[in-house]
Amino acid sequence: MNLQLLPTPASEDFALLDSGDGRKWERCGPYRFIRPEPQALWRPAGDHWPADGEFTGAAEEEGGGRWKLDTTLPPRWPIAQAGVRLWASPTPFRHLAFFPDMAPHWESLARIAGPGVRVLNLFGYTGVATLVAAAAGAEVVHVDASRKALEAARANADLAGLADRPIRWIMDDARKFAARERRRGRSYHAILLDPPKFGRGPDGEIWDLWTGLPGLIEDCAALLGSESRLLILTTYAVRLSALALLPLVSQATAGRRGHVQVGEMGLVEQARGLILPTAIFARWEA
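Residues numbered from 1 in each chain as written. Predicted model: local features only at pLDDT ≥ 70, side-chain atom pairs only at ≥ 80, totals over all residues. Heavy atoms only, no water.

(A) Highlighting the packing of helix α4 (residues 174-183) against helix α5 (residues 209-222). Between α4 and α5, the shortest axis-to-axis distance is 9 Å and the interhelical angle comes to 35 degrees. For α4 against α5, the interelement crossing comes out left-handed. Taking contact as the criterion, the partners of A174, R175, A178, A179 and R182 in α4 are, on α5, G212, L216, E218, D219 and A222. In the contact of α4 with α5, the residues fall into 5 nonpolar, 1 polar and 4 charged. (Axes fitted to C-alpha atoms, helices over the stretch in contact; angles between N-to-C directions. Helix = DSSP H or I, 4+ residues; strand = E, 2+ residues; numbered from the N terminus. Left-handed = near helix turned anticlockwise from the far one by under 90°. Contact = heavy atoms within 4.5 Å. Nonpolar A, V, L, I, M, F, W, Y, C, P; charged D, E, K, R; others polar.)

If you want it as structure tokens, here you go:
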């Protein structure tokens, strides 16, 4: 078995310009930002990083730290990713309101999405995958426990001109929703899930990746029917190997046609071509 590497090169609206000394320098649309990056253990290519914003004080996803932003920076600005338009903005959790390293998975989704295809996007965040599927004509169920994330996703749909597409926006706990869909006998052609390490549902439900993921994957696998094509799991900021995802997803999809791949995702740095690791993934595809 070979671990797969899914590197994402620069695009017109996003680039990893340089990295090192625990930080990364990025371009997002016309603006440049510096953010913490614990995995950038090497020295940067250069020492001059002009930026419109810098996040300092915390390198982890759970919060803490703050942005220092140029006064001329707008609160949000339009960009394009995977052929759809969306709003980028500095968020309190140091993100820019989307994850550019998901591009290989957006491409996989776009290949199978189309009229009559049903897609479930769990932990859907600001909805780039949802919009990619909807733009191709698929019916999408977008689930997230955060009202703010759902509002941002709907704003992206408006910006992309996709607000009239068949998208169900649902604020719910992902585990509860998947379990209900399983009891109802529903099936989807494609399922994406991007769970955090820890989180809370809209009614105070506690999400813990270590205890919640096995059952959630089993429920998602049960939502795959005879015509299903794709299940993608990504995880960020966890002390977890991609090798651990292989038996998890393989057992859940046992007996189905198709195959499981696991590996790492990363961003290709423009300065030297280094690959900055960002996440691990497992993908079942038929």
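(B) Broad picture of the packing of aromatic side chains. A full pass over the atoms with the stated rule returns 9 aromatic pairs. Judged by centre distance (5.4 Å) and plane angle (80 degrees), the rings of F55 and W67 are edge-to-face. Of the two residues, F55 is situated in strand β5 (residues 53-56) and W67 in strand β6 (residues 66-69); the sequence distance between them amounts to 12 residues. Classification of W67 by relative accessible area gives buried; the value is 14%. (Phe/Tyr/Trp six-rings, centres within 6.5 Å; stacked < 30°, edge-to-face > 60°. Buried < 20%, exposed > 50% of the residue type's maximum accessible area, 1.4 Å probe, protein only.)

(C) Main features of the sheet that holds strand β9 (residues 118-122). In space, the 8 strands of this open sheet follow the order β1-β16-β17-β15-β12-β9-β10-β11, with mixed pairing throughout. Because the sheet does not close on itself, it has two edges, and the strands there are β1 (4-8) and β11 (167-171). Pairs of neighbouring strands in the sheet enclose a mean axial angle of 20 degrees, with direction left out of account. In the sheet, strand β15 (residues 230-236) pairs with strand β17 (residues 275-285) via 7 bridges, with the strands oriented antiparallel. From the neighbouring strand, I232 faces β17, where its bridge partner is R283. Contacts from α4 reach β9, β10 (139-144) and β11, with the element oriented near 150 degrees to β9. (Pairing = 2+ DSSP bridges.)

(D) Broad picture of the environment of V268. Structurally, V268 is set in strand β16 (residues 259-268). Considered as a pair, V268 and A15 are 253 residues apart in the sequence and their alpha carbons are 8.2 Å apart. Setting aside its immediate chain neighbours within four residues, V268 contacts P7, T8, P9, L16, G273, L274 and I275.

(E) Structural detail: unusual backbone geometry. Look at D21: it is not a glycine, yet its phi comes out positive at around 55 degrees. Residue placement: D21 occurs in the loop between β2 (14-20) and β3 (23-28). In this structure D21 comes out as exposed when scored by relative accessible area, which is 55%.

(F) Quick peek at the side chain of D144. Along the chain, D144 turns up in strand β10. Despite its burial, D144 remains without a salt bridge, the nearest opposite charge being carried by R147 at 11 Å. In this structure the side chain of D144 is engaged in a polar contact, spanning 2.8 Å, whose partner is the backbone nitrogen of Y125. Beyond its immediate sequence surroundings of up to four residues, D144 is in contact with F123, G124, Y125, A149, L150, I170, M171 and D172. (Lys, Arg positive; Asp, Glu negative; His and termini not counted. Salt bridge = Lys/Arg side-chain N within 4 Å of Asp/Glu carboxyl O. Polar contact = N/O pair within 3.5 Å; in protein donor to acceptor, adjacent residues only side chain to side chain.)

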